[in-house]
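Take a look at the letters that make up each chain.
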Amino acid sequence: MTHTLGRPDFDLIAAWIKPGHRVLDLGCGDGTLLKHLIDTRGVQGWGVEIEDANILAAIRNGINVIQGNLERGLDEFADQAFDHVVLSRTLQTVRHTEGILREMLRVGREAVVSFPNFAYWKNLRSVLDGRMPVSEDLPYQWYDSPNVRFFTLLDFEALCNRMGLIIRERSVLDEEGNPVTHEVNFLGSLAVYRLTQNR
Amino acid sequence: MPGQSVGVVESQRAHFDQPLHLRSGGVLPAYDLVYETYGTLNAAKSNAILVCHALSGHHHVAGHYADQPDNIGWWNNIIGPGRPLDTDRFFIVGLNNLGGCHGSTGPSSINPATGKPWGADFPMVAVVDWVHAQARLADLLGIDSWAAIMGGSLGGMQALRWSITYPERVRNAIVIAAAPKLSAQNIAFNDVARQAILTDPDFHGGNYYEHNTRPVRGLRLARMLGHITYLSDDQMGEKFGRELRNSAFSFGFGVEFEIESYLRYQGDKFAGYFDANTYLLMTKALDYFDPSREDNGDLNVTMARSQANFLITSFTTDWRFTPARSKEIVAALLANGRNVSYAEIGLSFGHDSFLMEDAHYHGVIDAYLRNIKL
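Residues numbered from 1 in each chain as written. Chains lettered and ligands numbered in written order. Predicted model: local features only at pLDDT ≥ 70, side-chain atom pairs only at ≥ 80, totals over all residues. Heavy atoms only, no water.

Turning to the overall build of chain B, a few remarks are in order. From N to C terminus, chain B includes 10 helices and 14 strands. Its C-alpha atoms give chain B a radius of gyration of 20 Å, near enough to 21 Å, the size a compact globule of 374 residues would have. The principal-axis extent of the C-alpha atoms belonging to chain B is close to 65 × 50 × 50 Å. Going through the 374 residues of chain B one by one, you find that 59% of them count as buried. Taking all contacts inside chain B whose residues are at least 6 apart in sequence as the whole, residues at least 24 apart take part in 72%. Only carbon and sulfur atoms are counted for the fraction: they give 51% of the accessible area of chain B, which is about 14,900 Å². (Helix = DSSP H or I, 4+ residues; strand = E, 2+ residues; numbered from the N terminus. Rg over C-alpha atoms; globule rule 2.2 N^0.38 Å. Buried < 20%, exposed > 50% of the residue type's maximum accessible area, 1.4 Å probe, protein only. Contact = heavy atoms within 4.5 Å. Areas by Shrake-Rupley, 256 points an atom, 1.4 Å probe, with all protein chains shown as cover.)

Residue-level contacts link 20 residues of chain B with 17 residues of chain A. Between chain B and chain A lies a buried interface of about 1,600 Å² when both sides are counted; carbon and sulfur atoms form 57% of it. Among the residues chain B hides against chain A, the three largest losses belong to B:Leu334, B:Tyr342 and B:His360. Together they make up 30% of the total. Taken together, the links from chain B to chain A amount to zero salt bridges. Counting across the interface, chain B meets chain A through 11 residue pairs in polar contact (both at pLDDT 80 or more). Looking at the side of chain B that touches chain A, the elements with two or more residues in it are helix 9 (323-335), strand 14 (340-345) and helix 10 (359-370) of chain B. (Buried area = accessible area lost by both parts, 1.4 Å probe. Salt bridge = Lys/Arg side-chain N within 4 Å of Asp/Glu carboxyl O. Polar contact = N/O pair within 3.5 Å; in protein donor to acceptor, adjacent residues only side chain to side chain.)

Once that is clear, we can look at the packing of aromatic side chains. Enumeration over the complete set of coordinates arrives at 28 aromatic pairs over all chains. Between the aromatic rings of A:Phe156 and A:Tyr193, the centroid separation amounts to 4.8 Å while the plane-to-plane angle is 55°, which identifies the pairing as tilted. Of this pair, A:Phe156 sits in helix 6 (residues 153-163) while A:Tyr193 sits in strand 7 (residues 190-197), placing them 37 residues apart in sequence. Assessed through its relative accessible area of 2%, A:Phe156 is described here as buried. When the centroid spacing of 5.8 Å and the interplanar angle of 90° are considered together, the rings of B:Phe249 and B:Phe251 count as edge-to-face. The exposure class of B:Phe249 is partly exposed, given its relative accessible area of 46%. On the accessibility criterion, B:Phe251 (74% relative accessible area) is exposed. A connected cluster of aromatic rings, assembled from ring pairs, spans A:Phe115, A:Phe151, A:Phe156 and A:Tyr193. B:Arg223 extends its terminal NZ or CZ atom over the ring of B:Phe270, reaching a point 4.1 Å from the ring centre. (Phe/Tyr/Trp six-rings, centres within 6.5 Å; stacked < 30°, edge-to-face > 60°. Lys NZ or Arg CZ within 6 Å of the ring centre and 35° of its normal.)

Quick look at the side chain of B:Ser314 now. The residue B:Ser314 is located in strand 13 (residues 309-315) in this model. Exposure remark for B:Ser314: the relative accessible area of 0% places this residue in the buried category.

Turning to the environment of B:Thr283, a few remarks are in order. Residues and elements named next belong to chain B. In this fold, threonine 283 is placed in helix 7 (residues 276-288). With relative accessibility at 0%, the residue threonine 283 sits in the buried group. Once the C-alpha coordinates of threonine 283 and leucine 154 are considered, the two residues, 129 residues apart in sequence, prove to be 9.4 Å apart. Beyond its immediate stretch of four places on either side in the chain, threonine 283 contacts Leu55, Asn190 and Arg194.

Residue and element names in this part refer to chain A. Together, Val127, Met132, Trp142, Tyr143 and Phe150 line one region of the surface with nonpolar side chains, adding up to about 640 Å² of accessible area. Mapped onto the elements, tyrosine 143 comes out in the loop between helix 5 (121-128) and helix 6. On the basis of relative accessibility, which here comes to 57%, the residue tyrosine 143 falls in the exposed class. (Patch = residues over 30% accessible without salt bridge, like charges linked within 9 Å, V, L, I, M, F, W, Y side chains within 5 Å.)

We now examine the packing of helix 4 (residues 97-107) of chain A against helix 6 of chain A. Residues and elements named next belong to chain A. Two numbers describe how helix 4 lies on helix 6: the axes approach to 12 Å, and their chain directions differ by 60°. In terms of orientation, helix 4 and helix 6 fall into the oblique class. Classified by chirality, the crossing of helix 6 by helix 4 is right-handed. In this structure, helix 4 contributes Thr97, Glu98, Leu101 and Arg102 to the contact, and helix 6 contributes Phe156, Leu159, Arg162 and Met163. Along the lines of polarity and charge, the residues of the contact of helix 4 with helix 6 split into four nonpolar, one polar and three charged. (Axes fitted to C-alpha atoms, helices over the stretch in contact; angles between N-to-C directions. Parallel < 35°, antiparallel > 145°, perpendicular 65-115°, else oblique. Left-handed = near helix turned anticlockwise from the far one by under 90°. Nonpolar A, V, L, I, M, F, W, Y, C, P; charged D, E, K, R; others polar.)

Here the focus is the environment of B:Trp74. Residue and element names in this part refer to chain B. Relative to the helices and strands, tryptophan 74 resides in the loop between strand 7 (68-72) and strand 8 (91-95). For tryptophan 74, a relative accessible area of 21% gives the class partly exposed. Linking tryptophan 74 and methionine 282, residues 208 residues apart in sequence, is a C-alpha distance of 18 Å. Setting aside anything within four residues of it in sequence, one finds tryptophan 74 in contact with Val51, Cys52, His53, His58, His60, Val61 and Leu355. Side-chain polar atoms of tryptophan 74 contact the backbone oxygen of histidine 58, separated by 2.8 Å.

Residue and element names in this part refer to chain A. As for its position among the elements, leucine 101 is in helix 4. In this structure the C-alpha to C-alpha distance between leucine 101 and tryptophan 121, which are 20 residues apart in sequence, comes to 27 Å. Sequence-distant contacts of leucine 101, that is, excluding residues within four places in its chain, are made with Leu91, Val113, Phe156, Leu159, Met163, Leu165 and Leu195.

With that settled, consider the pairing of strand 2 (residues 44-49) of chain A. All names here are of chain A. Counting buried positions over the six residues of strand 2 gives five, a clear majority of the element. Between strand 1 (residues 22-26) and its parallel partner strand 2, the chain crosses via helix 2 (residues 32-41), and the hand of that crossover is right-handed. Taken together, the four bridges between strand 2 and strand 3 (residues 64-67) define a ladder with parallel strand orientation. Paired with glycine 47 across the two strands is valine 65, which belongs to strand 3. Following the chain from strand 2 across helix 3 (residues 52-60) to the adjacent parallel strand 3, one finds a crossover that is right-handed. (Right-handed = clockwise from strand over helix to strand, strands pointing away. Pairing = 2+ DSSP bridges.)

Turning to the nonpolar core, a few remarks are in order. Ranked by internal contacts, the top residues of the largest apolar core, which has 164 residues, are A:Leu26, A:Leu101, A:Phe156, B:Leu85, B:Ile176, B:Tyr279 and B:Ile365. Of the residues forming this core, the biggest block, eight residues, is contributed by helix 1 (residues 127-141) of chain B. Setting aside anything within four residues of it in sequence, one finds A:Phe156 in contact with A:Leu91, A:Leu101, A:Val113, A:Phe115, A:Phe151, A:Tyr193 and A:Leu195. Within the second largest apolar cluster, seven residues are counted, among which are B:Met224, B:Leu231, B:Met236 and B:Ile259. (Core = buried A, V, L, I, M, F, W, Y, C linked by side-chain atoms within 4.5 Å.)

Here it is, written out as structure tokens:
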């Protein structure tokens, strides 16, 4: 998926990352987030992408990008090689959900995961109206969507709990990118989590 | 083809009389290197790209000679004004490696000590020896540090070796369709090719020049075998299938299938101009290549010596040096926190894909080179 500059989760992610950190962005698209982090936080960054067009765009953006398939794991990366491993709006497109989360915390100290919340009230209303949701954070028709996993904040947190992952921070945004602080599973369109695990 | 050819080019020759001590323990007291350059070296001498050749390549990388308009360089499609190796911006250098048979000192050159061709006496040369010789050519041209060193296959291995041996002289290394060392299968293919040459009755222990003959049959077989490994099964199937030259079987050993015709033609063509001793040397240089050997096989330790930024590319249908082999290099660079990008290009031409013109493949090289600061 292609990142668009000015996406609200970028600023949240940037705030969690310290200058000079080593960052791996999985599904980095054309490298916009990494470029943002390099420019604003002085990080050292690498991306992983599967699409040829994005590989070309990321290289054009001057970003380190490794062509690979997240479904096959992160074999080329050593244990704890990164401070942060970012998976921005991509988890819902990955079939091996547990596998990628485990891999993220194998190669990185912390994982930063953002995803669209399928329980967002507009999405629920859309389904009640009989149609699959299409929104700012779910911008696809059902027949052309790259998304293969449909889940909510509560679902994700239950999985983290089952996997023994620690949620260090969570930010939830509405469709306009404004922070949501209550009834997050109902009022939040996009969630950003900062995860770690006991080692 | 976007961009233009560099047009008419000339080759040059440089003589070096400082002895070169080789990896094998041998010494070359003096030697010549033939080379070509395209574009203009800038005042800061910061825009030079070295293009290293693979097993059968040479210094004629791009353009054509005034008196030989059909003799076009082997990587012409990527070099020239408006092409990825843009001669409006870069100064490109290509050379024929030591041990070669296209003008640089090699087994078919005259050994000054005897007045006869070196033949079997030519010392074994390794990739690191080529790199040292190339460094002397860089000194001669006044190039302290290359903007990029680039190559496919054995050429990629030279780029990799440069980044380890002269880390301060390589700002970018573009390593295409290569491997950090050969596999047992790679070595096995090379040895069958060598055996074809070594057992040819016309080989005469490597001194066939004196007998006014050449081990053409062995060299032809070696090339036919090699050629199979450069192509992909799919592409061969698509191009030749089981097509027959005539419509019916002839139940003999002559040329029947189109693939036989093609391979024999390629073998004959190659055996007509290439030197068998050079072929032997080049395949041994491939077999010996393993920079991690200096570090007990730990490529991560070896690549820690590099300082360059890297672009690594492989081809999905390359079964000679598969994408997995390129990823070994990528992993070692990542382990050292190096700047590296890796593209796995979907082209159907097997190992030979690196010579093909493809919008995405050339786009990746172009995008990478455009970001190089001079």
